[in-house]
Amino acid sequence: MSTRQKKIRNTSRLLIPAVAIAFISYFGFHAIHGDRGMNAKQRFVVRTAQLERQLDALVVERKYLQRQVNLLPPGGPVVRDMLDERAREALNLSRPNEIVIYDYR
């Protein structure tokens, strides 16, 4: 009677650790560089700071415009100078003999 013994190869011993290392490397890479990884969080923080600065600027501009609206008479006729000023600023126009001074606050 003969018995056959299966010889264990070195490659089969390394197969499971190699596959495990591949999975860990794949998920580790995406944990750092993926869409929801650590680098994405840093980009999110930077973008949030930019948008907050932009919001602050828009709030200041809105307050300025609200002050300008409050200068208009309620329910009455529009002051021609205010209308002329707004139209010129919106259209970026001026007369040839005018000096334009912009006051951005």
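Coordinates for the structure precede this section.
All residue numbers refer to positions counted from 1 along the written sequence of the respective chain. Predicted model: local features are reported for residues with pLDDT of at least 70 only, side-chain atom pairs are reported and counted for 80 or more only, and whole-chain, interface and lining totals are derived from all residues. Think of the side-chain values as coming from all heavy atoms in the structure, minus any hydrogens and water.

Remarks on the overall build of the chain
And then number 1: In this text, helices come from DSSP runs of H or I with a minimum length of four residues, and strands from runs of E with a minimum of two, each type numbered from the N-terminal end. In terms of helices and strands, the chain carries 3 helices and 0 strands.
And then number 2: For the chain, the N- to C-terminal ordering of α and β elements is α-α-α.
And then number 3: With respect to the principal axes defined by its C-alpha atoms, the chain has extents near 115 × 35 × 20 Å.
And then number 4: Only the protein chains shown count as cover for residues, and all accessible areas are computed by the Shrake-Rupley method using a 1.4 Å probe. Here the chain displays about 10600 Å² of accessible surface, and carbon together with sulfur accounts for 61% of that area.
And then number 5: Neither His nor the chain termini are counted; the positive set is Lys and Arg, and the negative set is Asp and Glu. For charged residues, the charge sits on one atom: NZ in Lys, CZ in Arg, CG in Asp, CD in Glu. Side-chain charges in the chain split into 18 positive and 10 negative, and the spacing between the mean points of these groups amounts to 27 Å.

Things to note about helix α2 (residues 38-71)
And then number 1: Counted at 1.5 Å a residue, the expected span for α2 with its 34 residues is 50 Å, and the 50 Å between its end C-alpha atoms agrees.
And then number 2: Every buried residue belonging to α2 is among Ala 40, Tyr 64 and Gln 68, and all of these are buried.
And then number 3: Where α2 is buried, its residues touch α3 (80-91). Each helix should span, by expectation, one fewer than its residue count multiplied by 1.5 Å. Type-normalised accessible area, obtained with a 1.4 Å probe on protein chains alone, sets the label of each residue: buried when under 20%, exposed when over 50%, and partly exposed for intermediate values. When checking whether two residues touch, look at their non-hydrogen atoms; a contact exists if any pair is within 4.5 Å.

Quick look at a nonpolar patch on the surface
And then number 1: Residues Leu 15, Ile 16, Val 19, Phe 23, Tyr 26 and Phe 27 make up a contiguous nonpolar surface patch of roughly 680 Å² in combined accessible area.
And then number 2: Residue position: Leu 15 is located in helix α1 (residues 10-33).
And then number 3: Taking relative accessible area as the criterion, Leu 15 reaches 53% and is therefore assigned exposed. Residues enter a patch when their relative accessible area is above 30% and they make no salt bridge; the linking distance is 9 Å between like charges and 5 Å between nonpolar side chains (Val, Leu, Ile, Met, Phe, Trp, Tyr). We define a salt bridge as a contact between a side-chain nitrogen of Lys or Arg and a carboxyl oxygen of Asp or Glu at a distance within 4 Å.

Quick look at the environment of Asp 84
And then number 1: Inspection of the secondary structure assignment puts Asp 84 in helix α3.
And then number 2: Assessed through its relative accessible area of 33%, Asp 84 is described here as partly exposed.
And then number 3: The spatial distance from the C-alpha of Asp 84 to the C-alpha of Ala 20 is 73 Å, given a sequence separation of 64 residues.

Quick notes on α1
And then number 1: Between the first and last C-alpha of α1 there are 34 Å, a value that for 24 residues agrees with the 34 Å anticipated at 1.5 Å per step.
And then number 2: The angle separating two fitted axes, one through the seven residues that finish at a residue and one through the seven that start at it, defines the bend at that residue. The principal kink in α1, of about 30°, is found at Ile 16, preceding the proline Pro 17 by one to four residues.

What about the packing of aromatic side chains?
And then number 1: Any two rings among Phe, Tyr and Trp, with Trp reduced to its six-membered ring, count as a pair given centres within 6.5 Å; such a pair is stacked if its planes are under 30 degrees apart, edge-to-face if over 60, and tilted if neither. What the rule picks out here adds up to 2 aromatic pairs.
And then number 2: Ring geometry for Phe 23 and Phe 27: centres 6.5 Å apart, planes at 10°, overall stacked. On the criterion of helical spacing, the pair formed by Phe 23 and Phe 27 is a turn pair, its members being 4 residues apart in helix α1.
And then number 3: Among the residues examined, Phe 23 registers a relative accessible area of 52% and is labelled exposed.
And then number 4: Taken together, a centroid distance of 5.1 Å and an interplanar angle of 80° make the contact between Tyr 26 and Phe 27 edge-to-face.
And then number 5: On the basis of relative accessibility, which here comes to 53%, the residue Phe 27 falls in the exposed class.
And then number 6: Put simply, the rings of Phe 23, Tyr 26 and Phe 27 pair up and form one aromatic cluster.

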